[in-house]
Amino acid sequence: MMQLELNQNSPLKMHIDLNSCFATATQQANRHLRGKPILMMSYVSPRGIVLAPSIEAKKLGIRTGMNLIECRSICKEVIPLMTDASLVRDVHIRLKRICSEYSSIIRPLSIDELVIDFAPMESILKRELTEIAFEIKTRIRKEIGEWMSCSIGIAPNRFLAKTGASLHKPDGLDVITYKNVREIYSKLTLIDLCGINSRFQARLNMCKIFTPLQFLDAPLDVLKHQVFQSINGYYWFRRLRGWEPDDVDYLRHSFGQDVALGKKSADPSELSAVIMKLCEKIGRRLRKNGYMARGMHIGLSYEDGTYWHRGRVGNRDLYASNDIYRRALLVFNQQPQRKVVTKVSVACFDLDSKDQVQQQLFEDGPEKNIKISDAMDKINNRYGEYTVTSAMTMTMKNVILDRIPFGSTKELEDLYETNELIQ
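## Here's the deal with the pairing of strand β7 (residues 150–155)
Phase 1: Of all six residues in β7, six are buried, a share of seventy percent or more.
Phase 2: Side-chain alternation along β7 places C150, I152 and I154 on one buried face and S151, G153 and A155 on a second face that is also buried.
Phase 3: As paired strands, strand β1 (residues 13–18) and β7 are joined by six bridges and run antiparallel to one another. Bridging across to β7, D17 finds its partner in S151.
Phase 4: After leaving β7, the chain enters helix α6 (residues 158–165) and then returns to the sheet as strand β8 (residues 173–175), a path that is left-handed.

## Describing the packing of aromatic side chains
Phase 1: One pass over the structure, following the stated rule, counts seven aromatic pairs.
Phase 2: With centroids separated by 5.4 Å and ring planes inclined at 35 degrees, the aromatic side chains of F215 and W236 adopt a geometry described as tilted. Remark: W236 occurs in helix α11 (residues 232–239) and F215 occurs in helix α9 (residues 212–217); sequence separation between them is 21 residues. In terms of burial, F215 and W236 fall into one category: buried.
Phase 3: Grouped by ring-pair contacts, the aromatic residues F159, F200, F215, F228 and W236 constitute a single cluster.
Phase 4: The aromatic ring of W236 is capped on one face by R239, whose charged end is 4.5 Å from the ring centroid.
Phase 5: The ring of F237 has R241 lying over it, and the distance from NZ or CZ to the ring centre is 3.9 Å.

## Some remarks on unusual backbone geometry
Phase 1: Following K169, the chain continues to P170 via a peptide bond in cis, the omega torsion being -10 degrees.
Phase 2: Looking at the secondary structure, you find P170 in the loop between α6 and β8.
Phase 3: We note that S20 has phi near 45 degrees; this positive angle belongs to a residue other than glycine.
Phase 4: By secondary structure assignment, the location of S20 is in the loop between β1 and α1 (21–29).
Phase 5: The buried category is assigned to S20, whose relative accessible area is 11%.
Phase 6: Positive phi, close to 70 degrees, is recorded for D171, a residue that is not glycine.
Phase 7: Relative to the elements of secondary structure, D171 occurs in the loop between α6 and β8.

## Concerning the sheet that holds β7
Phase 1: The strand order across the open sheet built from five strands is β5-β6-β1-β7-β8, with neighbouring strands paired in mixed fashion. Of all the strands in the sheet, the pair left with one neighbour each is β5 (105–110) and β8. On average, each strand axis in the sheet is tilted by 15 degrees relative to the strand beside it, whichever way the strands run.
Phase 2: Inspection of the sheet shows β5 paired to strand β6 (residues 113–117) by five bridges, in the antiparallel sense. Paired with S110 across the two strands is E113, which belongs to β6.
Phase 3: Helix α4 (residues 85–99) rests against β1, β5 and β6 of the sheet, and its axis sits at about 10 degrees to β6.
Phase 4: Packing of α6 onto the sheet brings it into contact with β1, β5, β6, β7 and β8, and relative to β7 it is tilted by some 140 degrees.

## A word on a nonpolar patch on the surface
Phase 1: Together, Y43, V44 and M82 give the surface a local cluster of nonpolar side chains, amounting to about 250 Å² of exposed area.
Phase 2: Position of V44 among the secondary structure elements: in the loop between β2 (38–41) and β3 (50–53).

## A word on the nonpolar core
Phase 1: M14, I16, L95, I116, F118, I136 and I140 are the most contacted members of the largest nonpolar core, which totals 33 residues.
Phase 2: Contributions of two or more residues to this core are made by β1, α1, β2, α4, β6, α5 (129–144) and β7.
Phase 3: Ignoring sequence-local partners within four residues, the contact set of L95 consists of I16, L18, L114, I140 and I144.
Phase 4: Among the nonpolar cores identified, the runner-up in size contains 29 residues, and L271, M276, I282 and V331 belong to it.

## Examining α4
Phase 1: Taking 1.5 Å of rise per residue, the 15 residues of α4 would be expected to cover 21 Å, and the 21 Å separating its terminal C-alpha atoms lies within 8% of that figure.
Phase 2: Buried residues of α4: A85, V88, R89, V91, H92, I93, L95, K96, I98 and C99, and no others.

## Digging into the packing of α4 against α5
Phase 1: Interhelical geometry of α4 versus α5 gives an angle of 135 degrees and a closest axis separation of 10 Å. When the axis of α4 is compared with that of α5, the two are oblique. Here α4 and α5 pass one another in a crossing that is right-handed. Here V91, R94, L95 and I98 of α4 lie close against α5, whose contacting residues are R139, I140, E143 and I144.
Phase 2: The residue inventory of the contact of α4 with α5, partitioned by class, reads five nonpolar, no polar and three charged.

Analysis parameters
Residues numbered from 1 in each chain as written. Predicted model: local features only at pLDDT ≥ 70, side-chain atom pairs only at ≥ 80, totals over all residues. Heavy atoms only, no water. Buried < 20%, exposed > 50% of the residue type's maximum accessible area, 1.4 Å probe, protein only. Helix = DSSP H or I, 4+ residues; strand = E, 2+ residues; numbered from the N terminus. Pairing = 2+ DSSP bridges. Right-handed = clockwise from strand over helix to strand, strands pointing away. Phe/Tyr/Trp six-rings, centres within 6.5 Å; stacked < 30°, edge-to-face > 60°. Lys NZ or Arg CZ within 6 Å of the ring centre and 35° of its normal. Axes fitted to C-alpha atoms, helices over the stretch in contact; angles between N-to-C directions. Contact = heavy atoms within 4.5 Å. Patch = residues over 30% accessible without salt bridge, like charges linked within 9 Å, V, L, I, M, F, W, Y side chains within 5 Å. Areas by Shrake-Rupley, 256 points an atom, 1.4 Å probe, with all protein chains shown as cover. Salt bridge = Lys/Arg side-chain N within 4 Å of Asp/Glu carboxyl O. Core = buried A, V, L, I, M, F, W, Y, C linked by side-chain atoms within 4.5 Å. Expected span 1.5 Å × (residues − 1). Parallel < 35°, antiparallel > 145°, perpendicular 65-115°, else oblique. Left-handed = near helix turned anticlockwise from the far one by under 90°. Nonpolar A, V, L, I, M, F, W, Y, C, P; charged D, E, K, R; others polar.

Any functional reading would require information beyond the geometric quantities listed.
Next comes the structure, spelled out in structure tokens:
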């Protein structure tokens, strides 16, 4: 039976979680909303779903996933609002700039969470990480806004750092090491552990594991072969003990964009314009990362609650936005039935390096499109997104709703790079 001691290395991972980021960013920008129970909604309608309640709303018992009717049964004074995605992205960029002054290794986990790895700097650190954490909290209030706060966890791995950040929200700071990890686990439930949902809790319960401490003490064979029935059992065996199974950079497999439509539509011309705008965004991200693609995927959510999607791989590399758009339309037109669309998703896959494009004897093929696309990207990088764009997308502002993709860390990395180019 494998034995693994608790990780006794220095706690050098810092997890930063902006408290109720979507709501507090809105309150920061709008003083009259501060201290009030505001709800950031998917749609401002009675059946609209709460995406992020403010701290004030959370204290009343309002939670993510409730609809507006449920929220008003708890408190009639709640204020439902749509999220200003550009505002939240700006907050995230400012947070990243602050954190980048303390370490070169910063990993975004979502729009409101990131991890700072201090391991490469351990030999030159002259201050305790708790002191740095308090300084970051102060700088967030000073440089992002006085209404903004964050919870911070410090630990030897990402899992325990995130656990620490969740212990005393809002505005908490906790350090977890091998010395106090058992005490921390004794105060939590299985569902309190990030990554354990009700389904995994049921699996653990079937193996007579009902608490985090029992989870910690469970043998590897039980976790690997009975509970998770996969390598995940080994990962949890290490994760719970403070070792790092999560710090992995996965290769890029696709580039995707999706939008909820502010105005539902079944009009092919309107939907084509939406697809064109999505393809322009995908194209810029694809080119900036040095890729070409052969696969195209379209997904459509309909007003009647149904969903259709299809992916196709062609025999020609996609690089220019117009080429991506034409391929997307070919897939889009394969719908078996035209219905009212509420959400559109577009993705490129089957990626290959741009450097692999076949050279042409005369510059009238792929190379010409590459140069034209690269020139347009340089203009947009310098003067802002959509400075140069197709005519058909210029009226899309009121049709497309700008959304924040929850957990889409690849898009956050693209956001960092684009922002640096514009500076």
